[in-house]
There are 4 protein chains.
Amino acid sequence: MLDRAAVDGSLRFRQVRDYSERLCEGLTSEDCNLQAVAETSPLKWHLAHTTWFFETFVLRPFKPDYRGFDDRFQVLFNSYYNGVGQQHPRPQRHLLSRPDLAEVLAYRHHVDQGMVSLLDQPAALKQPEIMARLTLGLNHEQQHQELMLTDLKYNFACNPLAPAYRSGSLPPARPAEGGFQSYQGGLVEIGQARGEGFGFDNERPRHRHWLEPFTLARALVTNGEFRAFIEDGGYRRPELWLSDGWSRVQQEDWRHPLYWQPDDTHPGQFTLYGNQPPDDHHPVCHLSYFEADAYARWLDARLPSEAEWEHACRQDQGDAAAARTPPALHPTGADTGAGLRDLFGQVWQWTASAYAAYPAYRTARGALGEYNGKFMCSQFVLRGSSCATPPGHSRASYRNFFYPESRWQFTGLRLARDATSADL
Amino acid sequence: MLDRAAVDGSLRFRQVRDYSERLCEGLTSEDCNLQAVAETSPLKWHLAHTTWFFETFVLRPFKPDYRGFDDRFQVLFNSYYNGVGQQHPRPQRHLLSRPDLAEVLAYRHHVDQGMVSLLDQPAALKQPEIMARLTLGLNHEQQHQELMLTDLKYNFACNPLAPAYRSGSLPPARPAEGGFQSYQGGLVEIGQARGEGFGFDNERPRHRHWLEPFTLARALVTNGEFRAFIEDGGYRRPELWLSDGWSRVQQEDWRHPLYWQPDDTHPGQFTLYGNQPPDDHHPVCHLSYFEADAYARWLDARLPSEAEWEHACRQDQGDAAAARTPPALHPTGADTGAGLRDLFGQVWQWTASAYAAYPAYRTARGALGEYNGKFMCSQFVLRGSSCATPPGHSRASYRNFFYPESRWQFTGLRLARDATSADL
Amino acid sequence: MLDRAAVDGSLRFRQVRDYSERLCEGLTSEDCNLQAVAETSPLKWHLAHTTWFFETFVLRPFKPDYRGFDDRFQVLFNSYYNGVGQQHPRPQRHLLSRPDLAEVLAYRHHVDQGMVSLLDQPAALKQPEIMARLTLGLNHEQQHQELMLTDLKYNFACNPLAPAYRSGSLPPARPAEGGFQSYQGGLVEIGQARGEGFGFDNERPRHRHWLEPFTLARALVTNGEFRAFIEDGGYRRPELWLSDGWSRVQQEDWRHPLYWQPDDTHPGQFTLYGNQPPDDHHPVCHLSYFEADAYARWLDARLPSEAEWEHACRQDQGDAAAARTPPALHPTGADTGAGLRDLFGQVWQWTASAYAAYPAYRTARGALGEYNGKFMCSQFVLRGSSCATPPGHSRASYRNFFYPESRWQFTGLRLARDATSADL
Amino acid sequence: MLDRAAVDGSLRFRQVRDYSERLCEGLTSEDCNLQAVAETSPLKWHLAHTTWFFETFVLRPFKPDYRGFDDRFQVLFNSYYNGVGQQHPRPQRHLLSRPDLAEVLAYRHHVDQGMVSLLDQPAALKQPEIMARLTLGLNHEQQHQELMLTDLKYNFACNPLAPAYRSGSLPPARPAEGGFQSYQGGLVEIGQARGEGFGFDNERPRHRHWLEPFTLARALVTNGEFRAFIEDGGYRRPELWLSDGWSRVQQEDWRHPLYWQPDDTHPGQFTLYGNQPPDDHHPVCHLSYFEADAYARWLDARLPSEAEWEHACRQDQGDAAAARTPPALHPTGADTGAGLRDLFGQVWQWTASAYAAYPAYRTARGALGEYNGKFMCSQFVLRGSSCATPPGHSRASYRNFFYPESRWQFTGLRLARDATSADL
């Protein structure tokens, strides 16, 4: 008799794992070993680390007959799990020419085989911990799939030859109506509810939160709108900036979003399709929190809190919007209807909320408890998803987080304001 | 006929201004020009900068016949007000041997004279902006009075001779009962209400906030309790630390709170009274957020949110406690009664809340708008007040804020926990 | 009729160029793109840069019909020739995954073809400037051949898997008699004489130099001898070190030569043959100038001046010794006869001479003048050659130079002393 | 009967010691505690360290009844003598507000008393080691007297108020004839001969050195001449610079000598007399080696070797010139006669010679052996003396040395060239 769940688990596993390797199509093994700064790991390292995750947290503890591929990989491909042991230093990941790409792929297939063999055992499915770790591992791999694209983009951008990851040109955006949408607020519920499917620990528990009335922009801020900020001296006016942001602007001589090309009067930008001409109607991206915040202040607006964003998203369309959007590797704008547009699949949207634990948050026991909680300091939450987020990895409760100076993700913004009585 | 308000304003002005100079008693002019790191400004600079504040924001705009003491001081003693113009670089404040201490005192007296003459004009009192800036200037000076003590302590601690700022020995603490106190929470009001007297803009507006039930420790964590954490390997166990905190522990080789002396098995510490023997019952202080957070995690507790702290403080005793406590220049513990003890006057208490704008927060217009808002990034809120806070500068709604790695303020902690049904 | 010189030039060109590619045998394209620190360029970059040299200095100026392979390579593969134009930043050479290794090899063959076609034209040979640049280019490529090996070794050493470049084990050294050999000195001639074949501009002009009597050790210092220094506390005794050296010892926590493995009581070391057991009779290598100097001081000896070294070398054996030694990729000691042993082919020998211009030294005109002269500051001269020096690239007048803290070259030492009357 | 030598020693001691204190006249205690960078120690520290030298090397070992002023000063005021024990970290000297200036002066007088009492004992004079250390200590103090002025100048220059150390204006220079003077060279003797009076160990032993014919400029390079270099793009032309120098030019954005004021088209400069208008005929000063070398290359000239300088100096005028020149605290040019002018008393003259040991150089035993030898690496020799050199501290054999990027000393240059047959 067919074990339906086993088949589904196994199928899903293969799909996600294949997607990682498909991302490397068209790349050389040298491309896959680039690391310009500590933050942008080599693709080969991502391929190996996601594999290490299954080997370490599923196969070694739960498959007694599993034989490790190479014990030295336990250190080489550990990212930050102190509970598992030592880690190869992050800034030196590009120094691992050995194992080469072929050997890392062999490592993947060795672990895949072990996983599939484990998943094919009906008994295994009765161990909820295995299935929980499988699901966590797949979501973990999807997070790295997005990083593979953003890291590759950063690394390629350091090459004066401006290599194109994919060929073709970017579609023009259809300009859409703007305006703001109002929300009443009150005592709302935030966070993932039981029964909503997989979520990371940081999305839970669902809890009550008080919201004052607010409004949210229907559309994402565009390149053209952001250029107006630049032309109004936005990068030269300290009164628009947080103090830490202003320091950064001066130290690193920021004058425009990352990847914009400064030489032209009407600038283009580096994309995963190589250098591309500018399009004023595309959502602006590769902004730091500091730039998003300064832009909002310039317009006498503000960034939404993450609770406002989630509440509005659930009110408006919920995860229906999340499901619909395909990744396009560059934000070109998609939605044109009424309501909040482009919540997902274009750019991550900076919120004004520092990344912190929800009330009554508990981390998991053991090394997997290091997944989220230990990063709850000095970072800001981003909501939605981007053009690099893999399919099936977006949802209303999702909390992404980065340091406020980070710019190499596909990050943009949607404006918010306090609601006035006229709004409601 | 006597102008009562004028007399009061003028008296208060003199009191606060005198207090700054009294803090320098017993110090040499060389002591007053120390700056070990960018953060710890020379006392002379504090004396001049607080004077610059009154000159820049009151005398120059509101006293037409005011003649500046030295126009070059507008740059030299501007801290961070980009709206006012250039600033002398912060790390180079100790290079200003000229003007010397005597000249800075002359500058103070010149500005004091101008202020008193302005305040003595009854007409002036009818200009609410003058009175608002006077009050802000005095509260600003009080903040610097605390910094004068913490900066001096840091600078003195760099001298192997361990100079004592004040003579005498520290009183032993009376051990007091511990335990936790429970709060029901619900939809509470947070922030300073109209009519509560002076508050900084970041304490307002008063707003609604939802709190789940929680408990707060009656007492502050003590040296003895913190030593148990150390002896349990607290500084060597990464699972207790935030990721950024663990990096800091390793980079700077932290093994104990700042100023503890590592050479002894039973360590003493450097204080404003010179090196002093340890007292296990004194509140622990000079902890970073990272250390406070790790200590709480070690005990399966957590830091309170700032809303929890303020709500409990108001419930319990409110500003009555704030008014009572005299500064002693070292936290020795004072209260022994029931309820929350030592809310004020001992150590600032780290909260789990990132420093952020309250809903509907608005900064002031112009350069004074730089006072608070531009620092709302990557810092954490501390509540209460410390043994170095000047009299009259504590209140339930007060929000202090520092970066999570900061240790040179008098900073400690009070534990919190989610309430269980048994607690309520 | 056969043009003998053309045939020879062309043959020599092919031999040297082939040797560079042969050095990459057994390596993956990922191996060829490693760069751990700015100093250790990727092998692929060396392959391209040496090609750029011929393209830039021979083909573009002297072969009218030459078509550049890719004009963008003029910037990518320029090392430091400001006279030629911009350079890709040195620390970012590893970010050039494009062009990939295959394309760089195609670039090499394109340029090789151009060169061979140029060399095959008899007319070309009459242009002495072409032949001079050909010879310079080949010697330049040989210098990079040595760097390819030392850079690869450094990069491989950063990989915990300790990859072996070549397989096999190292031959044991035959212990040889030690002792010192005396030289009378006087007014000697130093530097390359006309007619001695190719030399870099820094080896000329030959000039007079006064030498007091001195003695030189017959043998290189060995691992076993250097271990005695370590065991005597050599790395912990500041009185043995130059001040800058002692700072370096403390900052970088030096306790032994580079590549020695500290975990064992009797340490092995990382080599181009992977990790290898120690051999006390092999010459010690991978020493900085600071370590060589401290070792000599420990024995109440000193390093020779470069003039002493050259004079003794010419007296003893001259370039006969240089010609004989084959590269073995690790210094195992070779000579056993009388006289100065292992002058060439084992380790470069630090001298006490700062790298400076010889009297009446003149740099070449134009960009090629940047070859040597602009580095005459803060570096020290090394004499001899190493186990990584390609065949035909050693001679008595050769001046190698590195910063005193450099350790990644095959660098060791030979002791010297002032001669006493008993010596002479 | 009068002990003539005792009287002389004691008198000389008092004169040199008094001179250090006289240098502080007109300064506040805050002025005396400035330290902008690690290299520029507070004057108070210099006063204490020179005292520590006599206490440590004379009184403690040779005066049995000497009682130390404060044992903790042994660490506080040790500069770099590892043989004596620990040192207070150099960059933190400005953090020593205690002992204050008054206490340091008391320390000086305590030690002076001990020294005078020791020197007044006729027996003492029979111990040559005491007299040798006395003399060394006085010469050591004179070196620090020059540093007091150059360090103060650097520290004052960081203050936007541009404090003047001395009042008055600078005398204009009398333009003098230029031209070069020729020397035959040959086998010359260099270094201090026995009987020439005091010299540091690095000036000895006198030894033979071969010199090719050369010429030396009669005059120092002037401000006007150096401005021509700037106006010809000297700071923007990499071909004129050593590679390390060019890096420094770009990193630190050098565009003119230190202390020149860039705002004016015809720039003035900061001096010990405050800001002063430019004078084209004054010797240029505050040049790094890199700038001196680039200037010489621009004129197709070079810097002299130290042997050339010393040989020419002895030929020309010898120490007669050294004796004559009074310190004026700014180089204004003095000599107008024939021969080499301004060898002493204006600016130290960079030579092309790396600072190294003379043949057969031996350091002293014990901690005093650290005086010179351990700095023989990566520095260049300067010859002559400057306008800040104290009287009686100049001589033909004197070797000053600094890193090639150093600019805060009074450093300038005199050109040299190889002699042609026409010159001789």
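Residues numbered from 1 in each chain as written. Chains lettered and ligands numbered in written order. Predicted model: local features only at pLDDT ≥ 70, side-chain atom pairs only at ≥ 80, totals over all residues. Heavy atoms only, no water.

## Notes on the packing of helix α2 (residues 43-62) of chain C against helix α4 (residues 101-120) of chain C
All names here are of chain C.
- Remark: α2 packs on α4, axes separated minimally by 9 Å, with the N-to-C direction vectors making an angle of 30°. Comparing their axes, α4 and α2 come out roughly parallel. Of the two elements, α2 crosses α4, and the hand of that crossing is left-handed. In contact with K44, L47, A48, T50, T51, W52, F54, E55, V58, L59 and F62 of α2, α4 contributes L101, V104, L105, Y107, R108, V111, G114, M115 and L118. (Axes fitted to C-alpha atoms, helices over the stretch in contact; angles between N-to-C directions. Helix = DSSP H or I, 4+ residues; strand = E, 2+ residues; numbered from the N terminus. Parallel < 35°, antiparallel > 145°, perpendicular 65-115°, else oblique. Left-handed = near helix turned anticlockwise from the far one by under 90°. Contact = heavy atoms within 4.5 Å.)

## Topic: the interface of chain C and chain A
- Across the boundary between the two partners, chain C contributes 29 residues, which contact 29 residues of chain A.
- Counting the surface lost from both chain C and chain A, the interface buries some 2,500 Å², and carbon and sulfur atoms represent 55% of this.
- Broken down residue by residue, the surface that chain C buries against chain A is led by E30, R98 and L161 of chain C, which jointly contribute 31%.
- Inspection of the region where chain C meets chain A yields four salt bridges. (Buried area = accessible area lost by both parts, 1.4 Å probe. Salt bridge = Lys/Arg side-chain N within 4 Å of Asp/Glu carboxyl O.)

## A look at the relation of the copies chain C and chain A
- When chain C is fitted to chain A, the best match, at an RMSD of 0.0 Å, comes from turning it 180° and sliding it 0.1 Å along the axis. Taken together, the rotation and translation relating the two chain copies correspond to the operation of a two-fold axis. The C-alpha atom lying nearest the rotation axis in chain C is that of E30 of chain C; the distance is 2.6 Å.
- A high fraction, 100%, of the interface residues of chain C reappear at the interface in chain A, so the copies pair face to face through one surface. (Least-squares fit on C-alpha atoms with pLDDT ≥ 70 in both.)

## Quick word on the pattern of salt bridges
- Per the counting criterion, the structure on display carries 124 salt bridges over all chains.
- For E141 of chain B, the salt bridge is made with R17 of chain B, and the minimal N-O distance between the two is 2.8 Å. Separated by 124 residues along the polypeptide, E141 of chain B in helix α6 (residues 128-157) and R17 of chain B in helix α1 (residues 4-22) bring together distant segments of the chain.
- For E141 of chain B, a relative accessible area of 0% gives the class buried.
- Residue classification places R17 of chain B among the buried residues on the basis of a relative accessible area of 1%.
- Here D293 of chain C ties to R297 of chain C by a salt bridge, and the two come within 3.0 Å at their closest N and O atoms. (Buried < 20%, exposed > 50% of the residue type's maximum accessible area, 1.4 Å probe, protein only.)

## Examining the packing of aromatic side chains
- A full pass over the atoms with the stated rule returns 151 aromatic pairs over all chains.
- Geometrically, the ring pair formed by W52 of chain D and Y81 of chain D is tilted, given 5.7 Å between the ring centres and 40° between the ring planes. You can see W52 of chain D sitting in helix α2 (residues 43-62) and its partner Y81 of chain D sitting in the loop between α3 (73-76) and α4 (101-119), a full 29 residues away along the chain.
- Judged by relative accessible area, W52 of chain D falls into the buried class, the value being 0%.
- The cationic tip of R93 of chain C hangs over the ring face of W45 of chain C; the distance from NZ or CZ to the ring centre is 3.5 Å. (Phe/Tyr/Trp six-rings, centres within 6.5 Å; stacked < 30°, edge-to-face > 60°. Lys NZ or Arg CZ within 6 Å of the ring centre and 35° of its normal.)

## Remarks on the interface of chain B and chain A
- In this assembly, 26 residues from chain B lie in contact with 26 residues from chain A.
- Summing both partners gives a buried area of about 2,200 Å² for chain B against chain A, and 57% of it is carried by carbon and sulfur.
- In this assembly, chain B and chain A are joined by four salt bridges.
- E212 of chain B is the salt-bridge partner of R208 of chain A, the closest N and O atoms lying 3.1 Å from each other.
- Between chain B and chain A we count six residue pairs in polar contact (both at pLDDT 80 or more) in total.
- Those elements giving two or more residues to the side of chain B that touches chain A turn out to be β3 (207-211) and α8 (243-251) of chain B. (Polar contact = N/O pair within 3.5 Å; in protein donor to acceptor, adjacent residues only side chain to side chain.)

## Quick word on helix α6 (residues 128-157) of chain C
- Here α6 of chain C contains 30 residues, and its C-alpha end-to-end distance of 44 Å stays within 8% of the 44 Å for a straight helix at 1.5 Å per residue.
- In terms of burial, α6 of chain C is largely enclosed, as 21 of its 30 residues are buried. (Expected span 1.5 Å × (residues − 1).)

## Description of the packing of α2 of chain C against α6 of chain C
Residue and element names in this part refer to chain C.
- Between α2 and α6, the shortest axis-to-axis distance is 9 Å and the interhelical angle comes to 170°. The orientation of α2 relative to α6 falls into the category roughly antiparallel.
- Considered class by class, the residues forming the contact of α2 with α6 number 16 nonpolar, six polar and four charged. (Nonpolar A, V, L, I, M, F, W, Y, C, P; charged D, E, K, R; others polar.)

## Focus on the nonpolar core
Residue and element names in this part refer to chain D.
- If you look at the biggest cluster of nonpolar residues, it comprises 94 residues, and the most contacted ones within it are F77, Y165, F229, W241 and L413.
- Considering every element that reaches this core, the biggest residue donor is α2, with 11 residues.
- Apart from residues lying up to four places away in sequence, L413 is in contact with L220, V221, V284, L287, A292, Y295, L303 and V347. (Core = buried A, V, L, I, M, F, W, Y, C linked by side-chain atoms within 4.5 Å.)

## Section: the relation of the copies chain B and chain A
- Here chain B sits on chain A after a turn of 180° about the axis and a move of 0.0 Å along it, with an RMSD of 0.0 Å.
- Mapped onto chain A, 100% of the interface residues of chain B again fall at the interface, so both copies present the same surface.

## Some remarks on the state of the cysteines
Residues and elements named next belong to chain B.
- Enumeration over the complete set of coordinates arrives at zero disulfides over all chains.
- Note on C32: no disulfide assigned, nearest cysteine sulfur contributed by C24 at a separation of 4.3 Å.
- Using a relative accessible area of 1% as the deciding quantity, one classes C32 as buried. (Disulfide = S-S within 2.5 Å.)

## A short note on the sheet that holds strand β1 (residues 180-183) of chain B
All names here are of chain B.
- Reading across from one edge, β1-β4-β11 is the order of the three strands in this open sheet, with antiparallel pairing throughout. Because the sheet does not close on itself, it has two edges, and the strands there are β1 and β11 (416-418). Taken pair by pair, the neighbouring strands of this sheet meet at an average axis angle of 25°, ignoring direction.
- Looking at chain direction, strand β4 (residues 214-217) and β11 are connected through three bridges and run antiparallel. Along β11, the bridge assignment pairs T215 with R417.
- The strands touched by helix α10 (residues 306-316) within the sheet are β1 and β4, with β4 carrying the most contacts at an inclination of about 75°. (Pairing = 2+ DSSP bridges.)

## Considerations on the environment of D201 of chain C
Residue and element names in this part refer to chain C.
- Summarising the element assignment, D201 is placed in the loop between β2 (186-190) and β3 (207-211).
- Judged by relative accessible area, D201 falls into the buried class, the value being 14%.
- Sequence separation of D201 and L161 is 40 residues, and the distance between their C-alpha atoms is 42 Å.
- Filtering out sequence-adjacent residues up to four positions away, D201 remains in contact with Y361, R362, T363, A364 and N372.
- For D201, the side chain forms a polar contact with the side chain of Y361, separated by 3.2 Å.

## Remarks on the arrangement of the chains
- A minimum C-alpha distance of 14 Å separates chain B and chain C, which share no contact.
- The two partners chain A and chain D share no contact, and the minimum distance between any of their C-alpha atoms is 14 Å.

## Digging into the environment of R324 of chain D
Residues and elements named next belong to chain D.
- In this fold, R324 is placed in helix α10 (residues 319-324).
- Once the C-alpha coordinates of R324 and G345 are considered, the two residues, 21 residues apart in sequence, prove to be 8.6 Å apart.
- Ignoring any residue separated from it by four or fewer positions in sequence, one finds R324 in contact with Q317 and D335.

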